[in-house]
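# Understanding the architecture of this molecule
Single-letter residue listing:
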Amino acid sequence: MQPQRDKRSDATSPTPVGLADGQVVVASYPTYADAERAVDYLSDQGFPVQRAAIVGRGLSSFERITGRLTIWRAAAQSAVYGAVLGAFFGWLFGLFDWVNPLISGLLLALYGAIFGAVAGGLLGLLGHALTGGRRDFSSVAGMRAESYDVLVDAEVVPQAIQLLDAPTAPGRGRAAGHLR
């Protein structure tokens, strides 16, 4: 039986950036760590891994809620971000002697942190007040995939399948029954 070309990417979306035409799915895993382990195994066996790619399938976005966001918490978070940014810029001004008369970089970093905290806090208050209570929670956004496919160039498919089907290899996951 001939290896199957990855028709899902051809039929539903353009070829992802960085993937060459003519790549074939040789393995499919439920987690990224499993796909990464397989590519690492191929690398350890001398396989030309520059001819491989890991592609997430069935991507979905998610948002993990981290807590309630009050106006004061929004101000405090923005003040911390502002202080760090202000300290960084103050330090840079001192490092490159951009302020005359010469003032210590640490003193400029302190002034920058104070100014950044005040400005950040005020902007945080204003920003949260302008939402009108529509988003009273903080969160972290992310992406996850249903599965991760290992693709290789068509010319090296037999070598990849042979290596992944070896007794001590990680296997080919769900693709094992589809490609021989």
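This text gives an overview of the structure that appears in the document. (Residues numbered from 1 in each chain as written. Predicted model: local features only at pLDDT ≥ 70, side-chain atom pairs only at ≥ 80, totals over all residues. Heavy atoms only, no water.)

### Re helix H4 (residues 105–130)
The end-to-end C-alpha separation of H4 is 36 Å, in line with the 38 Å expected for 26 residues at 1.5 Å each. All of the buried residues along H4 are Gly105, Leu108, Ala109, Gly112, Ala113, Gly116, Gly120, Gly121, Gly124 and His128. In this fold, the buried residues of H4 make contact with helix H3 (71–95). Following H4 by one or two positions, Gly132 has its phi on the positive side, about 65 degrees. (Helix = DSSP H or I, 4+ residues; strand = E, 2+ residues; numbered from the N terminus. Expected span 1.5 Å × (residues − 1). Buried < 20%, exposed > 50% of the residue type's maximum accessible area, 1.4 Å probe, protein only. Contact = heavy atoms within 4.5 Å.)

### Details of the environment of Ser28
Take Ser28: it is sitting in strand S1 (residues 23–29). Ser28 sits 119 residues away from Ser147 along the chain, and the two C-alpha atoms are 6.7 Å apart. A polar contact is formed between the side chain of Ser28 and the side chain of Asp149, at a distance of 2.8 Å. (Polar contact = N/O pair within 3.5 Å; in protein donor to acceptor, adjacent residues only side chain to side chain.)

### Concerning the sheet that holds S1
Taking strand neighbours across the sheet as the criterion, the three strands line up as S1-S5-S2 in an open arrangement whose pairing is antiparallel. Where the open sheet ends on each side, the last strands, each with one partner, are S1 and strand S2 (52–57). Between one strand and the next, the sheet's axes are offset by a mean angle of 30 degrees, whatever the strand orientation. Taken together, the six bridges between S1 and strand S5 (residues 147–153) define a ladder with antiparallel strand orientation. Looking across to S5, one finds that Val24 is bridged to Val152. Packing against the sheet, helix H5 (residues 157–164) makes contact with S1 and S5, and its axis sits at approximately 15 degrees to S1. (Pairing = 2+ DSSP bridges. Axes fitted to C-alpha atoms, helices over the stretch in contact; angles between N-to-C directions.)

### Structural notes on the packing of helix H2 (residues 32–44) against H5
Relative to each other, H2 and H5 sit at 105 degrees, their axes nearing to 10 Å. Here H2 is positioned roughly perpendicular relative to H5, judged by the angle of their axes. On the side of H2, the interface is formed by Ala38, Tyr41 and Leu42, while H5 contributes Ala160, Leu163 and Leu164. Each residue belonging to the contact of H2 with H5 can be placed in one class, and the counts come to six nonpolar, no polar and no charged. (Parallel < 35°, antiparallel > 145°, perpendicular 65-115°, else oblique. Nonpolar A, V, L, I, M, F, W, Y, C, P; charged D, E, K, R; others polar.)

### Digging into the environment of Val84
Summarising the element assignment, Val84 is placed in helix H3. A residue is classified by how much of its surface remains accessible, and Val84, at 56% relative accessible area, is exposed. Separated by 32 residues in the primary sequence, Val84 and Gly116 have C-alpha atoms spaced 7.3 Å apart.

### Here's the deal with the nonpolar core
Core analysis: the biggest nonpolar cluster contains 22 residues, and Val26, Tyr29, Phe47, Val150, Val152 and Leu164 have the highest contact counts within it. Breaking this core down by element, the ones donating at least two residues are S1, H2, S5 and H5. Discounting chain neighbours no more than four positions away, the residues touching Val152 are Gly22, Gln23, Val24, Val26, Phe47, Arg51, Ala52, Val157 and Ala160. (Core = buried A, V, L, I, M, F, W, Y, C linked by side-chain atoms within 4.5 Å.)

### Brief notes about the packing of aromatic side chains
Evaluation of the coordinates by the stated rule reveals three aromatic pairs. Taken together, a centroid distance of 5.7 Å and an interplanar angle of 70 degrees make the contact between Phe88 and Phe89 edge-to-face. Note on Phe88: relative accessible area 42%, which makes it partly exposed. Joined through ring pairs, the aromatic side chains of Phe88, Phe89 and Trp91 make up one cluster. The side chain of Arg144 reaches across the aromatic face of Phe62, ending 4.1 Å from its centre. (Phe/Tyr/Trp six-rings, centres within 6.5 Å; stacked < 30°, edge-to-face > 60°. Lys NZ or Arg CZ within 6 Å of the ring centre and 35° of its normal.)

### Some thoughts on the side chain of Arg172
Structurally, the position occupied by Arg172 is in the segment after H5. Side-chain polar atoms of Arg172 contact the backbone oxygen of Val26, separated by 3.2 Å.

The analysis is restricted to geometry; functional conclusions fall outside its scope.
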